[in-house]
Amino acid sequence: MTTDARFEALESRLAFQDDWLETLDRLVREQATELERLTRANTLLRTRLSEQRQAIDELGGEMPQPENELPPHY
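Residues numbered from 1 in each chain as written. Predicted model: local features only at pLDDT ≥ 70, side-chain atom pairs only at ≥ 80, totals over all residues. Heavy atoms only, no water.

Caption draft 1: Fine view of the pattern of salt bridges. Under the criterion given, the structure shown has 3 salt bridges. With a closest N to O distance of 2.4 Å, arginine 29 and aspartate 25 form a salt bridge. Here arginine 29 and its partner aspartate 25 are both found in helix α1 (residues 3-58), 4 residues apart, which amounts to about one turn of the helix. For arginine 29, a relative accessible area of 48% gives the class partly exposed. Aspartate 25 sits in the partly exposed class, given a relative accessible area of 40%. Residue glutamate 30 is joined to arginine 26 by a salt bridge in which the shortest nitrogen-to-oxygen separation is 3.2 Å. (Salt bridge = Lys/Arg side-chain N within 4 Å of Asp/Glu carboxyl O. Helix = DSSP H or I, 4+ residues; strand = E, 2+ residues; numbered from the N terminus. Buried < 20%, exposed > 50% of the residue type's maximum accessible area, 1.4 Å probe, protein only.)

Here you go:
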């Protein structure tokens, strides 16, 4: 392989790697955004569940225990 051919091959690989790195960077940013959204949703759901439990306790009701609940197929 000549020096020019090797140089062109290296430039081609570098361009491909730059494109791949940009793609990976974009995907990481998208996943970080999605993770933030899911974290906020999880926090909101935990807060609402806690509020519901507190409301049930204030009304004197008992939360059903998992061992007392029938499976869906019954």
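Text resumes after the structure shown.
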